[in-house]
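Okay, here's what each chain looks like letter by letter:
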Amino acid sequence: TKKIESDLEALEQEKTKAVLNQDFTTALHLRAQEEKLLKQKQKNEPLTVVGDGENLRDFVHVDDVVQANILAANYQNSIGAEVFNVGSGTNHRILDIAHMVSDRIVHIDPRIGEARTTLAGIEKIKNTFGWNPSIKIEDWIKKNDQVLL
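Residues numbered from 1 in each chain as written. Predicted model: local features only at pLDDT ≥ 70, side-chain atom pairs only at ≥ 80, totals over all residues. Heavy atoms only, no water.

*Asks:* Got a sec to walk through the packing of aromatic side chains? Specific residues and values, please.
*Replies:* Aromatic ring pairs: the centre-centre distance and the angle between the two ring planes describe each pair. In the structure shown here, the tally under the stated rule is two aromatic pairs. Taking 4.9 Å as the distance between ring centres and 80° as the angle between the ring planes, the aromatic pair formed by Tyr 75 and Phe 129 counts as edge-to-face. Linking Tyr 75 in the loop between α2 (62-73) and β3 (92-93) with Phe 129 in helix α4 (residues 123-129), this pair joins segments that are 54 residues apart in sequence. Judged by its relative accessible area of 23%, Tyr 75 falls in the partly exposed class. Residue Phe 129 is classed as buried on the basis of its relative accessible area of 11%. Geometrically, the ring pair formed by Phe 84 and Phe 129 is tilted, given 4.8 Å between the ring centres and 40° between the ring planes. Placement of Phe 84 in the loop between α2 and β3 and of Phe 129 in helix α4 is noted, with a sequence separation of 45 residues between them. Accessibility classification places Phe 84 together with Phe 129 in one group, the buried group. Put simply, the rings of Tyr 75, Phe 84 and Phe 129 touch in pairs and so form one group of aromatic residues. Sitting above the plane of the Phe 84 ring, Lys 124 keeps its charged end 5.0 Å from the centroid. (Phe/Tyr/Trp six-rings, centres within 6.5 Å; stacked < 30°, edge-to-face > 60°. Helix = DSSP H or I, 4+ residues; strand = E, 2+ residues; numbered from the N terminus. Buried < 20%, exposed > 50% of the residue type's maximum accessible area, 1.4 Å probe, protein only. Lys NZ or Arg CZ within 6 Å of the ring centre and 35° of its normal.)

Next up, the structure:
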């Protein structure tokens, strides 16, 4: 029975890692969107903003997502199969983010069914792992301003 309990605990930890991996995939998708804006900026093209740009998004840097995954992988206590949101816990208007990168913006048609607001509730991961996001999108944009030119 000790072997079974050990195997079950290992399986539960793997499930937790898998759930956090979904957040990692989301962060990579956001990174791809970020890179699209950067390429448009570098080519001196106007940035494309979907719809009116009033949508609110919770942007988290991929380095923060990696750190959350590392903390989860190294967590010593058994927590079972848990779901943890990984995000910044802060909303940003898409139009504000676009204006931080460029004043040249064009709006394209809104996507049918796209959520107007996304916001990750991160209290659980903060309380369980002591994790907090460390990179704010506006600070990253300012720090990488020369890269964006």
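Text resumes after the structure shown.
*Asks:* Mind laying out the pattern of salt bridges, listing which residues take part and the relevant values?
*Replies:* Applying the stated rule across the entire model yields seven salt bridges. Between Arg 57 and Glu 114 there is a salt bridge whose closest N-O contact spans 2.9 Å. Placement of the pair is Arg 57 in strand β2 (residues 56-57) and Glu 114 in the loop between β4 (105-108) and α4, with a sequence separation of 57 residues. Between Arg 111 and Glu 114 there is a salt bridge whose closest N-O contact spans 3.5 Å. Given the relative accessible area of 47%, Arg 111 is considered partly exposed. (Salt bridge = Lys/Arg side-chain N within 4 Å of Asp/Glu carboxyl O.)

*Asks:* Explain the nonpolar core to me, and be specific about the residues and the numbers.
*Replies:* Proteins that are soluble and globular tend to have nonpolar side chains buried together. With 13 residues, the main nonpolar core has Leu 47, Val 49, Ile 97, Ala 98, Ile 105, Ile 137 and Ile 141 as its most contacted residues. When contributions to this core are tallied by element, the ones reaching two or more residues are α1 (2-42), β1 (47-50), α3 (94-101) and α5 (137-143). Among the elements that take part in this core, α3 stands out by supplying four residues, more than any other. Residues in contact with Ala 98, not counting those within four places in the same chain, are Leu 47, Val 49 and Ile 105. Residues Val 65, Phe 84, Ala 120 and Ile 125 belong to the second largest nonpolar core, which totals eleven residues. (Core = buried A, V, L, I, M, F, W, Y, C linked by side-chain atoms within 4.5 Å. Contact = heavy atoms within 4.5 Å.)

*Asks:* Outline the environment of Gly 53, listing residues and values.
*Replies:* In this fold, Gly 53 is placed in the loop between β1 and β2. Residues Gly 53 and Arg 116, spaced 63 residues apart in sequence, show a C-alpha to C-alpha distance of 9.5 Å. Once you skip the residues sitting within four places of it in the chain, Gly 53 turns out to touch Arg 93, Ile 94, Leu 95 and His 107.

Purely geometric stuff here, so don't read any function into it on its own.
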